Amino acid sequence: MRLTDQRNAVSAAESPSPPVPEDVNALHPGLWPTTAALDDHGVLTIGGVPVSEIAERHGTPAYVFDEVDFRARCAAFREAFHDFDVYYAGKAFLSRTTARIAEEAGLSLDVCTEGELAYAQAVGFPAERILMHGNNKSEAELAAALEYGVGRIVVDSFEELDRLHALVPHFPGSRPRVLLRVTVGVRADTHAYIATAHEDQKFGFSLVGGEAETAIRRVLDDGLLELRGLHSHIGSQILGTAGFEAAAKRLLELRARIAREGAELPELDLGGGFGIAYTPADEPTGPKEMADILRTVVARECAALGVGVPRLAIEPGRAIAGPSGVTLYRVGTVKHRQGIRTFVAVDGGMSDNVRTALYDASYSVRLAGRVSDAAPVLVRVVGKHCDAGDVVVRDDHLPGDVRPGDLLAVPGTGAYCRSLAHNYNQIPRPPVVAVADGRTREIVRRETIADLMGLDVG
């Protein structure tokens with residue numbers, strides 16, 4: 001074990017344990033999809049379907065996608081941010097189903113790669129309502145965006161400006177609409193790997209270093225691209241509003257300086273990163289409160305600067321998809337470590353949820369297939385991979401009689417779990433099972449070993 005690994009292990013071991021729940025069988029309302037409930041036998045149901053039935057029909061592990069909940073969260077953001085452009089951030093979880101629902105709900109779509117754009121094209125998502133991100137978009141990806149006619153391209157570097165300038169002549173009559181991503185120098189209160197607006201990271205044009213103003217003037221002078229405005233994304237899983245307020249203020253000051261030179265930038269995209277509750281300790285800001293705060297901050301700053309209010313945009317992903325997803329696992333082994341904790345091993349792990357290992361993320365867990373009157377015990381839910389970091393739920397409580405064969409449910413897994421899933425130890429990825437109105441359907445099928453072998457042409 002490396003020294004850094006030893007330090008991490010000590011840190012994790014010494015982190016405070018969550019409080020013992022009064023009722024280990026209860027569902028904390030802030031963590032679960034809106035249709036989650038317990039039936040008369042204490043079995044968890046989602047979308048009107050007992051999870052025992054989902055497990056029997058579709059196997060475990062399985063991502064359960066609450067379609068009603070996802071639709072409701074799309075609608076909540078559309079209503080709260082009624083005067084914003086709202087781009088669903090497809091990187092959180094993108095499938096043909098989620099793209100269709102987002103479009104039906106009146107949301108726009110944020111894609112980052114040619115692959116994500118292909119999903120949008122597959123369902124005929126309106127091109128003018130697509131925004132393309134990415135810090136190193138290839139010529140092929142930019143060409144695909146121009147060919148489909150995406151509404152906005154977020155330019156991240158001078159090299160990307162060069163690529164666009166080289167491509168535009170191949171699309172006669174095209175004048176791509178672009179936003180420039182600005183690194184505003186705000187360090188969000190989140191994990192270092194998902195804080196994206198401070199200087200020491202890979203995204204955007206530096207505000208402090210003057211790159212942003214240079215890029216703005218270059219686009220305005222060249223005239224090949226239509227500069228619609230500025231973009232910022234400060235990070236992910238952000239529960240408060242202070243970082244967004246600071247970023248908006250700095251972007252608006254830059255916009256005002258450009259306006260005084262005679263160039264009006266009509267749009268301002270404040271990005272996404274709105275957090276969700278993974279444990280009862282998390283208290284995220286809701287969409288209505290967030291909308292009211294951002295709307296007020298921007299109006300106040302524009303008034304102080306003597307400039308008009310721009311058209312605003314946001315990019316929620318996790319805040320829509322995250323609470324809509326629950327992962328089902330089957331317990332395989334239980335090990336009681338005297339005086340430490342109980343280790344509960346399930347039939348998935350870091351291949352279907354790498355966030356705990358990658359970001360030290362916290363999750364909750366519940367016994368899902370039965371009710372228990374046993375006293376709660378501190379558990380660590382671990383996977384089946386050959387890695388000590390293979391942890392799904394670092395610390396939570398389950399009934400002390402948890403045993404092999406039990407079903408466990410982990411809420412808040414609708415975002416970045418299927419997106420980041422991989423095949424470590426050559427384990428196929430789980431299916432995504434949509435539930436609604438008492439019915440189930442696979443919207444992403446389970447991978448098979450034959451799928452994996454089919455990629456190996458050697």
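Everything that follows concerns the structure shown earlier in this document.
Residues numbered from 1 in each chain as written. Predicted model: local features only at pLDDT ≥ 70, side-chain atom pairs only at ≥ 80, totals over all residues. Heavy atoms only, no water.

A.B. asks: What should I look at first to understand the packing of aromatic side chains in this one?
C.D. replies: Centre-to-centre distance and the angle between the planes together describe a pair of aromatic rings. Summed over all chains, the structure comprises 9 aromatic pairs. For the ring pair Phe 70 and Tyr 88, a centre distance of 5.6 Å and an interplane angle of 85 degrees mean the geometry is edge-to-face. Of this pair, Phe 70 sits in helix H3 (residues 67-80) while Tyr 88 sits in strand S5 (residues 84-89), and the two are 18 residues apart along the sequence. Note on Tyr 88: relative accessible area 0%, which makes it buried. Summarising the aromatic geometry, the rings of Phe 77 and Phe 81 are spaced 5.8 Å apart at their centres and angled 5 degrees between planes, so their arrangement reads as stacked. (Phe/Tyr/Trp six-rings, centres within 6.5 Å; stacked < 30°, edge-to-face > 60°. Helix = DSSP H or I, 4+ residues; strand = E, 2+ residues; numbered from the N terminus. Buried < 20%, exposed > 50% of the residue type's maximum accessible area, 1.4 Å probe, protein only.)

A.B. asks: Explanation requested: the sheet that holds strand S3 (residues 49-50) in the structure shown.
C.D. replies: Remark on secondary structure: sheet strands pair via backbone hydrogen bonds, oriented parallel or antiparallel. Taken in spatial order, the 3 strands make up an open sheet running S1-S2-S3, and their pairing is antiparallel. Single-partner strands in this sheet number two, and they are strand S1 (37-38) and S3. Across 2 bridges, the pairing between strand S2 (residues 44-46) and S3 is antiparallel. When the bridges of S3 are listed, Ile 46 appears paired with Val 49. (Pairing = 2+ DSSP bridges.)

A.B. asks: What am I meant to see in H3 here?
C.D. replies: Owing to its 3.6 residues per turn, the α-helix aligns residues three or four sequence positions apart on the same side. Counted at 1.5 Å a residue, the expected span for H3 with its 14 residues is 20 Å, and the 20 Å between its end C-alpha atoms agrees. Those residues of H3 not exposed but buried are Glu 67, Asp 69, Phe 70, Cys 74, Phe 77 and Ala 80. N-capping of H3 is provided by Asp 66, with a side-chain oxygen placed 3.2 Å from the backbone N of Val 68. (Expected span 1.5 Å × (residues − 1). Polar contact = N/O pair within 3.5 Å; in protein donor to acceptor, adjacent residues only side chain to side chain.)

A.B. asks: Looking at this structure, I do not really get the side chain of Thr 279. What am I missing?
C.D. replies: Residue placement: Thr 279 occurs in the loop between strand S12 (267-269) and helix H10 (287-305). Those residues within four positions of Thr 279 in sequence are excluded, and the remaining contacts are Leu 31, Ser 362, Tyr 363 and Ser 364. (Contact = heavy atoms within 4.5 Å.)

A.B. asks: Mind showing me how you'd approach the pattern of salt bridges here?
C.D. replies: Note that side chains of opposite charge can pair when their charged atoms are close. All chains considered together, the criterion is met by 31 salt bridges. The shortest N-O distance in the salt bridge between Asp 222 and Arg 218 comes to 3.7 Å. Highlighted residues: Asp 222 and Arg 218, both in helix H8 (residues 211-222), separated by 4 residues, approximately one helical turn. Given a relative accessible area of 40%, Asp 222 falls into the partly exposed group. (Salt bridge = Lys/Arg side-chain N within 4 Å of Asp/Glu carboxyl O.)

All quantities given are derived from atomic positions and should not be read as evidence of function.
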